[in-house]
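Secondary and tertiary structure notes
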Amino acid sequence: MWRAYRDGWSNVAACALLACLLLAPLALRADVLIRFSHVVARDTPKGLAVERFKRLVEQRSGGRIRVTVYPAARLYNDLDEMEALRLGAVEMLAPSLSKFGPIGFPEFELFDLPFLFERITDVHRITQGDVGRRLLASLSRQGLVGLGFFDNGFKQMSANRPLRAPADFQGLRMRVQASRVIAAQFRALGARPVVLAFSETRHALAAGVVDGTENPVSNFWTQRMNEVQTDLSLTQHAYLGYAVVANQRFWDSLLPADRAVVTQAMQEALAYGNAIADAENERALQDLRAAGTTRIHVLSPAQRAELRATVQPVYDQLSTRIGAQWIRDVQQTLSR
Ligand code: LMR
């Protein structure tokens, strides 16, 4: 009796094991994990947009597609996140457009050109138009899939002195992202650019390794830079935005239906990010004013015009690096 019972169960177990082995590939393919790494706080335009993407994808896939978000450079920082994506250690990133130059996409540094955009709608005419589409498509040459652009906002200058005129920048060591355009911008102002990872910036300011930097207010505030910078000057001198990129092998491995869910969720999350970015930066500015830690300087049109004239040579200096045609395409689009 026991032998028959035992033999019966062993047959069930064998079938179950066989079924698992046969179905495992489908079961494994059905459970998709997207590891999404970024370097800013959750309560920033990027952090909130990525969380929205996570919620939409997990809801619409019934949990079969899971997104694990690693904010604030907890997994990878500026200097290694792109390598991690290429190696497949993460599936998605949303780096600043300023960080694509060093990995072979110097044309993305066009977004760093100072005073190129007067308002965010100018940016959208690029990111949501033909130039943006071509830029995203170019990412495939390095095994990246460009899924879309979204905003943070315009950058302001900070230091332990007001920065309203070119003379104010003389000799300052300014933390920058790894962008030749941003470095040239600060050299034109008589300052010394110092490339540092975003996650190291506050510490470097506190330690006096650098004297100042540039950020949208949401990054300045959420990194608590107000505790180590006495002056924020509202220069509105250049734009900071992002491109969401996926690992090509991961993207190709998705079932078509899953790829459609991810694509749609991403488009809605990017639209959400754009819709909240301005308000998030405004809220950060109000919080900063209320904190009373940092003097906030509004520049006059004449002061902004003087800064603009001082950094104008950057366009010619970096035209070859970015690609003169890219700059012409952007300027033609903006002039229409
Ligand atoms: C920076 O490094 O200043 C920004 O790119 C950080 C970010 O992702 O907003």
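Just above, that's the structure.
In this report, the structure presented in the accompanying data block is examined. (Residues numbered from 1 in each chain as written. Predicted model: local features only at pLDDT ≥ 70, side-chain atom pairs only at ≥ 80, totals over all residues. Heavy atoms only, no water.)

Examining the side chain of Asp122
Structurally, Asp122 is set in helix 4 (residues 120-127). At 3.1 Å, the side chain of Asp122 forms a polar contact with the backbone nitrogen of Glu118. Setting aside residues up to four positions removed in sequence, Asp122 forms contacts with Phe117 and Leu334. (Helix = DSSP H or I, 4+ residues; strand = E, 2+ residues; numbered from the N terminus. Polar contact = N/O pair within 3.5 Å; in protein donor to acceptor, adjacent residues only side chain to side chain. Contact = heavy atoms within 4.5 Å.)

Re the packing of aromatic side chains
What describes a pair of aromatic rings is the distance from one ring centre to the other and the angle between the planes of the rings. Taken as a whole and judged by the stated rule, the model has 11 aromatic pairs. Judged by centre distance (5.8 Å) and plane angle (45°), the rings of Phe111 and Phe149 are tilted. Taken together, the positions of Phe111 in the loop between strand 3 (92-93) and helix 4 and Phe149 in strand 4 (residues 144-159) put the pair 38 residues apart, joining distant regions of the chain. Accessibility assignment for this pair places Phe111 and Phe149 in one class, buried. Put simply, the rings of Phe100, Phe105, Phe108, Phe111, Phe117, Phe149, Phe154 and Tyr239 touch in pairs and so form one group of aromatic residues. In this structure, Arg52 is placed above the aromatic ring of Tyr272, and the distance from its NZ or CZ to the ring centre is 3.7 Å. (Phe/Tyr/Trp six-rings, centres within 6.5 Å; stacked < 30°, edge-to-face > 60°. Buried < 20%, exposed > 50% of the residue type's maximum accessible area, 1.4 Å probe, protein only. Lys NZ or Arg CZ within 6 Å of the ring centre and 35° of its normal.)

Re the site of the ligand
Taken together, Val39, Val40, Lys46, Asp78, Ser96, Lys99, Arg175, Gln177, Phe198, Asn219, Leu240 and Tyr242 make up the full set of residues adjacent to the ligand. Protein contacts shield 99% of the accessible area of the ligand, which totals 270 Å² for the unbound molecule. Residues belonging to the shell around the ligand are distributed by class as follows: five nonpolar, three polar and four charged. (Near = heavy atom within 4 Å. Areas by Shrake-Rupley, 256 points an atom, 1.4 Å probe, with all protein chains shown as cover. Nonpolar A, V, L, I, M, F, W, Y, C, P; charged D, E, K, R; others polar.)

Description of the environment of Glu268
The residue Glu268 is located in helix 10 (residues 256-291) in this model. According to the relative accessible area criterion, Glu268 is partly exposed, its value standing at 30%. A polar atom in the side chain of Glu268 sits 2.8 Å from the side chain of Gln264.

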